[in-house]
Amino acid sequence: MFKQWWLQYKLKRLIKNSKLAALKAHYQYLLTHLHQPISDIKLLALDIEMTGLNHKKDQMVSIGVIPIINAEIQPQFAQYKLMKIEGSVGQSAVIHGILDKDLANALPLEEVLQWLFEQCKDKVLVAHHAQLDLQFLRQSLSSSGAHSFALLGIDTLIIEKEREQRKHPVLKTGSLRLNACRERYNLPIYNAHNALTDALACAELLLAQLNKMGGLDNITLVQLLTKR
Amino acid sequence: MDNSELQPIIDFMRKLAPFDSLPEQGIKQCCQALTIAYYSKQQKLVPVDSNAPQLYIVRSGAFEVTTEQGDLIDRVGEGQYFGFSGLLSGEKVVNQIHILEDGLVYHLPAKMFDELRANSQSFDRFFNQAFAKRLRNQGTLQHDNISTARITHIMSRDLTTITADASIHQAALLMSKKRLSSLVVVDQEKLCGILTDRDLRNRVLAKGLNGDLLVGQIMTKDPVIIEPNVLMFEAMLKMSENNIHHLPVVHVGRPVGIITSTDLIRSQSSQPLLLIGQIERQNSLEALIKVSQKIPDLLHNLISSDAKAIEIGRILTSVTDSLTRRLIVLKQEQLGPAPMGFCWLAFGSQGRQDQMAGSDQDNALILERDTTAAEKDYFKQLSESVCSALNECGFPFCPGNIMAQNPQWQLTLQQWQQQFSSWVKTPQPSALLNATIFFDMRGIFGDLTLLNTLQSSVLKNTKGNDIFIAALSKNALQSTPPLGFFRSFVIERDGSEVKGIDLKHKGNALINDIVRIYALAAGINEVNTTKRLESLMAKSKIDKDIAMSLLDAWEFIAHKRLINQGQQFNNNEPVSNYILPDSLSSLVRHQLKDAFKVIHEAQGTVRLKFLRQF
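Since we're looking at a predicted model, the values are computed, not measured.

## A closer look at a nonpolar patch on the surface
All names here are of chain A. On the surface, Phe2, Trp5 and Tyr9 cluster together into a nonpolar patch covering about 410 Å² of accessible area. You can see Trp5 is positioned in helix α1 (residues 2-17). Assessed through its relative accessible area of 53%, Trp5 is described here as exposed.

## Describing the environment of Pro296 of chain B
Within the fold, Pro296 of chain B resides in helix α14 (residues 295-304). For the pair Pro296 of chain B and Asp158 of chain B, spaced 138 residues apart in the sequence, the C-alpha separation amounts to 38 Å.

## Remarks on the pairing of strand β1 (residues 35-39) of chain B
Residue and element names in this part refer to chain B. Burial analysis of β1 places 5 of its 5 residues in the buried class, which makes it a mostly covered element. Here β1 shows a buried face lined by Thr35, Ala37 and Tyr39 and a second buried face lined by Ile36 and Tyr38. Where β1 and strand β7 (residues 103-109) come together, 5 bridges link them in antiparallel fashion. Bridge pairing in β7 links Tyr38 to Leu104.

## Description of the domain arrangement of chain B
Domain boundaries in chain B define domain 1 (7-129), domain 2 (150-230 + 249-261), domain 3 (271-462) and domain 4 (470-610). If you average the C-alpha positions of domain 2 of chain B and of domain 4 of chain B, the two centres end up 44 Å apart.

## Observations regarding the environment of Ile303 of chain B
Residue and element names in this part refer to chain B. As for its placement among the helices and strands, Ile303 is situated in helix α14. Ile303 sits in the buried class, given a relative accessible area of 14%. Each C-alpha atom of the pair Ile303 and Ile563 lies 6.6 Å from the other, and the pair is 260 residues apart in sequence. For Ile303, the residues in contact, after removing those within four places along its chain, are Ile312, Leu562, Ile563 and Gly566.

## Some thoughts on the interface of chain B and chain A
Every contact between the two is made by 24 residues of chain B and, on the other side, 23 residues of chain A. Around 2,000 Å² of area is buried between chain B and chain A when both sides are counted, 57% of it from carbon and sulfur atoms. If you sort the residues of chain B by the area they bury against chain A, Leu6, Ile36 and Tyr38 of chain B come out on top, with a joint share of 30%. Among the ionic pairs, Asp102 of chain B bridges to Lys212 of chain A, the shortest N-O distance being 2.4 Å. Viewed at the interface, chain A and chain B are joined by 10 residue pairs in polar contact (both at pLDDT 80 or more). When contributions to the side of chain B that touches chain A are tallied by element, the ones reaching two or more residues are α1 (7-14), α2 (24-33), β1 and β7 of chain B. Top contributing element to the side of chain B that touches chain A by residue count: β1 of chain B, with 4 residues.

## A short note on the sheet that holds strand β16 (residues 410-412) of chain B
Residue and element names in this part refer to chain B. Pairing is mixed across the open sheet formed by 4 strands, whose spatial order is β16-β15-β14-β17. A single partner strand is all that each edge strand has here, and the edge strands are β16 and β17 (442-446). Strand-to-strand twist in this sheet, taken as the mean axis angle between neighbours without regard to direction, amounts to 30°. Here strand β15 (residues 363-367) pairs with β16 via 3 bridges, running parallel. Looking across to β16, one finds that Leu365 is bridged to Gln410.

## Quick look at the confidence of the model for chain B
Across chain B, pLDDT averages 86, with 93% of residues at or above 70. In this model, residues 130-148 of chain B is a region of pLDDT below 50 whose contacts with residues beyond four sequence positions or in other chains number 37 contacts.

Procedures and definitions
- Residues numbered from 1 in each chain as written.
- Chains lettered and ligands numbered in written order.
- Predicted model: local features only at pLDDT ≥ 70, side-chain atom pairs only at ≥ 80, totals over all residues.
- Heavy atoms only, no water.
- Patch = residues over 30% accessible without salt bridge, like charges linked within 9 Å, V, L, I, M, F, W, Y side chains within 5 Å.
- Areas by Shrake-Rupley, 256 points an atom, 1.4 Å probe, with all protein chains shown as cover.
- Salt bridge = Lys/Arg side-chain N within 4 Å of Asp/Glu carboxyl O.
- Helix = DSSP H or I, 4+ residues; strand = E, 2+ residues; numbered from the N terminus.
- Buried < 20%, exposed > 50% of the residue type's maximum accessible area, 1.4 Å probe, protein only.
- Pairing = 2+ DSSP bridges.
- Domains from an automatic or database assignment.
- Contact = heavy atoms within 4.5 Å.
- Buried area = accessible area lost by both parts, 1.4 Å probe.
- Polar contact = N/O pair within 3.5 Å; in protein donor to acceptor, adjacent residues only side chain to side chain.
- Axes fitted to C-alpha atoms, helices over the stretch in contact; angles between N-to-C directions.
- pLDDT = per-residue confidence, 0-100.

Structure follows, in structure tokens:
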């Protein structure tokens, strides 16, 4: 009850203060759909590859998104973007496989942010370990002068953590990693660390989790939304 | 690379039959068009919208397709499909999809599915419900591969013909001018004879006749001919059996070419005949054992030349026949001529001419009359010698002791007739179960009229004999083909899972059983399953669609058996009919499943027609 009240209040304030029209629309979508079942809501699974894990000093390199509409993942609307960075990808190339030369034709950060928020005007963000991705997005929003705003989304890691903790209070290290989670739902293992593949992997995981939790028709957005 | 490609989906689809036959662009289009859903056991059933059919591709998990009444139709796992029957037929989906294990499923919209079928023949063929058509197409593809072994490719197409009213002088001039050893004689484009060098020598010159005679007086009328699309081996066999060197190739009455022994030798593909020739030249058991050690190599070569299974069966059986004959002749050289007429019979696979690797021997003797002690001893020595020699040549003793050396199966014609009528007139299903192979009999050596007399009296008793046919049907329906494959298991019709499948007993043997019932009911004297089916069709004693589907299914399963045996041979494993699902590609799994379905349906027809069970 408290969460509902708080979310409504928070979203109304965000709508009021937000200067970016697309972002305003996004908050409005969340607010009007808070009590809708997930099957009626459009979702956008995303994953971001970065030069490191510190949102204060590291930069985003690539982003992949894939929508879930009518409870089905839609590969035809999947998109992938590379972002211009300052300096070099450095050692992070080992993880995401993107080299400095791949970024030669990358888009400026502002352009990607604009594209992304245009995408989620009528969608809810979903990510695995959403905290990290949303923090990076929030950081770049504020550094591009658009003020710092809270971003809300569905986090498959938090969902998994809550589900697993009900079974065993102490979780093993690594048991919440994307592939470890997927294995529990009989989902195939993909080669990780491509932003688009990970976005797909996250979308599939969410569908699996929600099906296990009683079905997409029986869970509302407010039950899943977490703030970062 | 387009950055928005979803590599994991593309990687999966690329390996999946029939998508694997699509061009790269087509696969990408599919991956773009599909949507992904997850189904959990808690939901029990996959919600299927009958107004919007789509193809369901299982990415993970397991599902079961049943009828509304709950009868199991299929069980599918990763890389298998459901929902396509509605797409193909346009009928409303009534089957239910039960979720056995949670999993991810790709949905391919009907529009994309139809587009792929329209653009790709192999895609369409794969999903086409008319499995007969699908297997048939598969058959024609194989044909092309083995073209080199067929006579169409070595026969002379530049056919020189002459009419019967020409003089032999004109014929000789033509032959000499064109450097030919023979001429085909035609009457209004139809073949009416052949004139060869040998005819001119033996029938004209040697007799002092002159060149004014007409071709029609000298030629061989109605010569032995051959169809265009047969294996070279069969052309060789025909030449050697008839002691001739020229075979007109005739297609629907019209000569289309000629083939000579020289053409065949030149084609270098005479291995089976060479082997038979070698067998006929050997004068000792030791030498015959040595020659028969080449049979596995022959089989292996035939498999790798991708000959049809039915032809391989015929070739291997011809080798066994020659070996048997040669062994009898050699023993008779020792024992002296037989004291009476007799016929050496072969039953089972040798009888049906569909022997493959590891076949055991099933044989017997028909004797002209009762034997004295001395005569009995003659046949004892002969049969024991031949049976044990066959054993040493790689045809193991029959475990059921159905062998010529068993006194129980050295019977006079009359005793055989009594034996058969005890099976036919008072059929006991259990006794009949072991007797079915006797109904696939063929004479190998000796007085074939004994066999023919026996066979026609047997068929007279079986034809239209409802009680006997019902007993036979009851036996044949005791074993059923599997339903299909699920992961690394074979699923039986009752839903149980087994590790592997015996393609002989759960496949070809079931078809042989079905076809035998039809043939005995109709009094048809062929014993080879294909020939029985052809004869049944010609006499309209079987539904043509069923017969064609059974022919295709028989060939397809037998072919897989042979390929499996070829692999076992290569890996130095014991050769068997046993196949593990893991060794099959997804396409072959689908096709085998269709072949099993054909058998299942034909068994249903037998139940209806001969057991009157509805």
